[in-house]
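Observations on the model geometry
So the chains spell out like this:
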2 protein chains.
Amino acid sequence: MKIAKPIASLIESFQRLPGIGPKSAQRLTYYLLHVPQSDLDAFSESLSRLKKDTVLCSICRNVNEKDPCEICSDKARDAATILVVEQPLDILAFEKTGKYKGIYHVLHGSISPLENIGPDELYIEDLIRRAKGKKGGIKEIIIATNPTMEGEATAMYLGKKLKEANSKIKITRLGMGIPTGADLEYADETTLIQAIQGRREL
Amino acid sequence: MKIAKPIASLIESFQRLPGIGPKSAQRLTYYLLHVPQSDLDAFSESLSRLKKDTVLCSICRNVNEKDPCEICSDKARDAATILVVEQPLDILAFEKTGKYKGIYHVLHGSISPLENIGPDELYIEDLIRRAKGKKGGIKEIIIATNPTMEGEATAMYLGKKLKEANSKIKITRLGMGIPTGADLEYADETTLIQAIQGRREL
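Attention here is on the structure that accompanies the text. (Residues numbered from 1 in each chain as written. Chains lettered and ligands numbered in written order. Predicted model: local features only at pLDDT ≥ 70, side-chain atom pairs only at ≥ 80, totals over all residues.)

**Some thoughts on the sheet that holds strand 3 (residues 78–85) of chain A**
Residue and element names in this part refer to chain A. Taken together, the four strands give an open sheet; going across it, the order is 4-3-5-6, and neighbouring strands pair in parallel fashion. Of all strands in the sheet, those bounded by a partner on one side alone are strand 4 (102–106) and strand 6 (170–173). The mean angle between the axes of side-by-side strands here comes to 25 degrees, regardless of whether they run parallel or antiparallel. Relative to strand 4, strand 3 runs parallel, the two sharing five bridges. Within strand 4, the position partnered with D78 by the bridge is G102. (Pairing = 2+ DSSP bridges. Helix = DSSP H or I, 4+ residues; strand = E, 2+ residues; numbered from the N terminus. Axes fitted to C-alpha atoms, helices over the stretch in contact; angles between N-to-C directions.)

**Remarks on unusual backbone geometry**
Here the residue pair D67 of chain A and P68 of chain A is connected by a cis peptide bond, since its omega of -5 degrees sits within 30 degrees of zero. Tracing the backbone shows P68 of chain A in the loop between strand 2 (63–64) and strand 3. For R61 of chain B, which is not glycine, the phi torsion reads 65 degrees and is therefore positive. Assignment of secondary structure puts R61 of chain B in the loop between strand 1 (55–56) and strand 2 (63–64). The exposure class of R61 of chain B is buried, given the 21 C-beta atoms found within 10 Å. (Buried ≥ 20, exposed ≤ 12 C-beta atoms within 10 Å, placed from the backbone.)

**Things to note about the nonpolar core**
Nonpolar side chains tend to gather and get buried jointly when the protein is soluble and globular. Ranked by internal contacts, the top residues of the largest apolar core, which has 28 residues, are L47 of chain A together with L47 of chain B. Secondary-structure elements contributing two or more residues to this core are helix 1 (5–15), helix 2 (22–32) and helix 3 (37–49) of chain A together with helix 1 (5–15), helix 2 (22–32) and helix 3 (37–49) of chain B. Not counting chain neighbours up to four residues away, the residues in contact with L47 of chain B comprise L10, L40, F43, S44 and L47 of chain A. (Core = buried A, V, L, I, M, F, W, Y, C linked by C-beta atoms within 7 Å. Contact = placed C-beta atoms within 7 Å.)

**Concerning helix 5 (residues 124–133) of chain B**
Residues and elements named next belong to chain B. Those residues of helix 5 lying buried are I124, L127, R130 and A131. Looking straight down helix 5, one finds that the buried residues subtend no more than 115 degrees of arc, so they occupy a single side. Opposite the buried face of helix 5, at more than 90 degrees from it, the exposed residues are E125, R129 and G133. Among the structural elements, strand 3 (78–85), strand 4 (102–106), strand 5 (140–143) and helix 6 (149–165) are those in contact with the buried residues of helix 5. (Arc of directions from axis to C-beta.)

**A word on the pairing of strand 5 (residues 140–143) of chain A**
All names here are of chain A. Only one face of strand 5 is buried, namely the one carrying I141 and I143, since none of E140 and I142 on the opposite face is buried. In this sheet, strand 5 lies alongside strand 3 in parallel orientation, the contact comprising four bridges. Across the sheet, residue V84 finds its bridge partner in strand 5, namely I143. Bridge count for strand 5 against strand 6 is four bridges, and the pairing is parallel. Residue pairing across strands places I143 opposite R173, the latter belonging to strand 6. As a crossover connection, the stretch from strand 5 through helix 6 (residues 149–165) into strand 6 is right-handed. (Right-handed = clockwise from strand over helix to strand, strands pointing away.)

Below, the structure written as structure tokens:
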């Protein structure tokens, strides 16, 4: 196929990324041929430093520059409430709301027997240790795993384990129902059932 | 927004790529946190070497490791036919067909007054020199710029200039019409008009 090696190897690297197929990988690579070398160097540097310059927070397992992370070490936050998410990216979503003032715990995945991911592959033991830890320190754990089959299974598992670990903590799951701005007409049945079950008084 | 700097800078680099928005950039970056460091290093190396290890072929201006490039230095190819394309990526498309045996010329863009790209910003002078060069050496120049407004304008300009430079060379433009596998019902008017004008005897 007569593609020069330096080009072919970059195409291959792009192609390994999720959601980027062979055509997009080619387009991105040829686009970068027109970009100044300084931009390429900056991109290259960010890539190689990504994991070297970040650590997992020893408390919440979020990816951060510092340990403990900025959120865990922020005294203004409510350390009595932990919101449990699957991925560090989920924290961003909650932080953007600006309304959640508690702290987090990142599992780095969800229980998935099909992919051979059991509870031991996730940071579940750490969460249970946090729940047991400070007597009366933690008041509520909000389980915010994704509303997928794996996320729901993880939520069920966590609910059971956390209650065993410390029965005084209130364990909750994110509210389910119609998202803002959605059209009822297009909502799926499961979402509608969840919305009826989770109805609130006005 | 409490994103660690190493993560934020990679998100920014991804976001500068065409077709990658803020959400995709975030998703790609957080995906790479789970990838082995060796893969990150390979990706990083490919990026920084992309332009350092490639040169523009002094004959056809294709991006390659060698000068002259593999195609120009391939004795088996028909050096009497030049196919003119806008981008190096376009060469790949023609090479994949396996049917074109001539050589190429890459303009690295198209004439676009709106973006301040005139003939002097492209490798047009080089093409004219090639046309003038070998007396009787080049028999045909196929203009394969994109069927966009800019591509058509470039084709018109090239046609005029090349005829002035060497009236013995046959100047052609890629055939226009219905693409294979297309549905006539959904073809636009311009394409249909082109298809009628370009009709062939059976």
